[in-house]
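Chain and residue survey
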Amino acid sequence: MAKYYQPEIETASQEQIRAWQNERLVEQVKHVWNDVPYYRKKMEEKGVTPDDIKSVDDLYKLPFLTKDDLREAYPYGLMGKPASECVRIQSTSGTTGKRVVAFYTQHDVDLWEDCCARAIVAVGGTKDDVCHVAYGYGLFTGGAGLHGGSHKVGCLTLPMSSGNTDRQLQFMTDLGSTIICCTPSYAAYLAESIYEKGIRDQIKLKAGIFGAEAWSEEMRRDIEEKLGIRAYDIYGLTEISGPGVSFECEAQMGMHINEDHFIAEIIDPDTGEVLPEGEKGELVFTCITKEAFPLIRYRTRDICVLSRKPCPCGRTHVKMSKPMGRSDDMLIIRGVNVFPSQIETVLIEQGYPANYQIIVDRVNNSDTFEVMVEMSPENFSDSLKKITEMEKSLVGALKAMLGIAAKVKLVAPKTIARSEGKAVRVIDKRKI
Ligand code: DLL
């Protein structure tokens, strides 16, 4: 086993974890005070100095950072090290506003890759595995993070990147990939293609590490069944490092947050007040070991619940639930709160692949709400009568779940544009 892997860190006592966090937080606050003028100014505005921060209990005194701060400080304003000491830049695709650009020293890359290595080990990965990385390489953190983690575990790493499904399948069968890392929507797409080509018996996959977008338990079961694997969730965000901030273990009941590197809080998204454990709210992270992009109390906008209930796997680090939506992507349609994940649940329950697009518009001061849904090859029909019946049944199921009526349009398999990175689920024309 590679040198990085220290299971004792992941099974340390709560007291030990707290002691690491206290010590590292105090140091980190001094670092940003001295080296990140943007954050120092925010602390001064709140009347806080490093002397006020003696332990994690004082964390609440520190100001939050948000995506707006990142935009304001773009590109270099939140750096904690001179560019000459940094070795890497990663970035988000920047579909809304300016893209997020994050910096890493070699130390930061190392700790990030350690986090991803832990995720691979948690799904049973060893040096005997062939780890097929089909997340995008480049600015997106998915490819680079899992690639580095796979090296640290000592897996034979296949740096496929995303796209070119035929080539993915050829390598997968020829080289005997055993672990696949990609977005869940791409995993579902690969599963469909494997089914169509009738090559399931040539696939040696045993586990998948899927994240970067929301996916439901139903989608997990669907992928597991179709690919004959166990499908694990992995979470992260560019601002905090990338994938591996948290990951699922064999219990598949929440993702362990790497608490020796990140302190997690749950806050009320409206008031900013810290909520007690077990309450649902916005996830906030403080990086306590990063040098180049040391974000403190960064508001993720992801809505989750934290739990310290003992995990059968023996890991002691706190677990987060799957994000249940974002405090900023919840749709309000005709006054009703709608989460895309609810629509996904209905589709999978009704036997559709989770490939859909929600189109919201406003006509004559009233919201229109359409859900375009792909039929699966199994339930595909070109009979108008049959399609109308199927659409009617989906309208009923969606109404029961959401409490409002949607117009449903069924389309042929593989007609909704799929990016092999993240799926575009919502087109909200009201904002345009
Ligand atoms: O998506 C990092 C990543 C890559 C995670 C590969 C997992 C695997 P960003 O592009 O900065 O980074 O997007 C971060 O994606 O705030 C969540 O809203 C969402 N997200 C990430 N992982 C999950 C997940 C990467 N497992 C944003 N489930 C985050 C649901 C997720 N949402």
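Residues numbered from 1 in each chain as written. Predicted model: local features only at pLDDT ≥ 70, side-chain atom pairs only at ≥ 80, totals over all residues. Heavy atoms only, no water.

As far as domains go, the protein chain holds domain 1 (1-328) and domain 2 (331-431). Taken together, the contact between domain 1 and domain 2 spans 23 residues of the former and 16 residues of the latter. With both chains or domains summed, domain 1 and domain 2 bury close to 1600 Å², and 53% of this area falls on carbon and sulfur atoms. The largest share of the area that domain 1 buries against domain 2 comes from Tyr 189, Glu 192 and Glu 218, three residues that together contribute 28% of it. Summed over the shared surface of domain 1 and domain 2, the result is 1 salt bridge. Of the charged contacts, one joins Glu 196 and Lys 414 as a salt bridge, the two residues approaching to 3.4 Å between their closest N and O atoms. Joining domain 1 to domain 2, the criterion identifies 2 residue pairs in polar contact (both at pLDDT 80 or more). (Domains from an automatic or database assignment. Contact = heavy atoms within 4.5 Å. Buried area = accessible area lost by both parts, 1.4 Å probe. Salt bridge = Lys/Arg side-chain N within 4 Å of Asp/Glu carboxyl O. Polar contact = N/O pair within 3.5 Å; in protein donor to acceptor, adjacent residues only side chain to side chain.)

Bringing the sheet that holds strand β5 (residues 179-182) into the picture now. Taken together, the 9 strands give an open sheet; going across it, the order is β4-β3-β5-β6-β7-β8-β9-β14-β13, and neighbouring strands pair in mixed fashion. Single-partner strands in this sheet number two, and they are β4 (156-159) and β13 (306-307). In the sheet, β5 pairs with strand β6 (residues 207-211) via 4 bridges, with the strands oriented parallel. Residue pairing for β6: Ile 179 is matched across the bridge by Ala 207. Each of β3 (130-133), β5, β6, β7 (230-237) and β8 (242-248) touches helix α5 (residues 106-122); the most contacted strand, β8, lies at about 30 degrees to it. In the packing of helix α7 (residues 165-175) onto the sheet, contacts are made with β3, β4 and β5, and the angle to β3 comes to roughly 175 degrees. (Pairing = 2+ DSSP bridges. Helix = DSSP H or I, 4+ residues; strand = E, 2+ residues; numbered from the N terminus. Axes fitted to C-alpha atoms, helices over the stretch in contact; angles between N-to-C directions.)

So, on to the nonpolar core. Among the nonpolar cores identified, the biggest contains 72 residues, and Leu 62, Leu 78, Ile 240, Leu 283 and Phe 285 are the most heavily contacted of them. By residue number, the principal contributor to this core is α5, which donates 9 residues. Core analysis: the next-biggest nonpolar cluster, separate from the first, contains 24 residues, Leu 347, Ile 358, Leu 402 and Ala 406 among them. (Core = buried A, V, L, I, M, F, W, Y, C linked by side-chain atoms within 4.5 Å. Buried < 20%, exposed > 50% of the residue type's maximum accessible area, 1.4 Å probe, protein only.)

Side chains of strand β2 (residues 101-104) alternate between two faces, with Val 101 and Phe 103 and Ala 102 and Tyr 104 buried alike. With 4 bridges joining them, strand β1 (residues 88-91) and β2 adopt antiparallel strand pairing. By the bridge assignment, Ile 89 is partnered in β2 with Phe 103.

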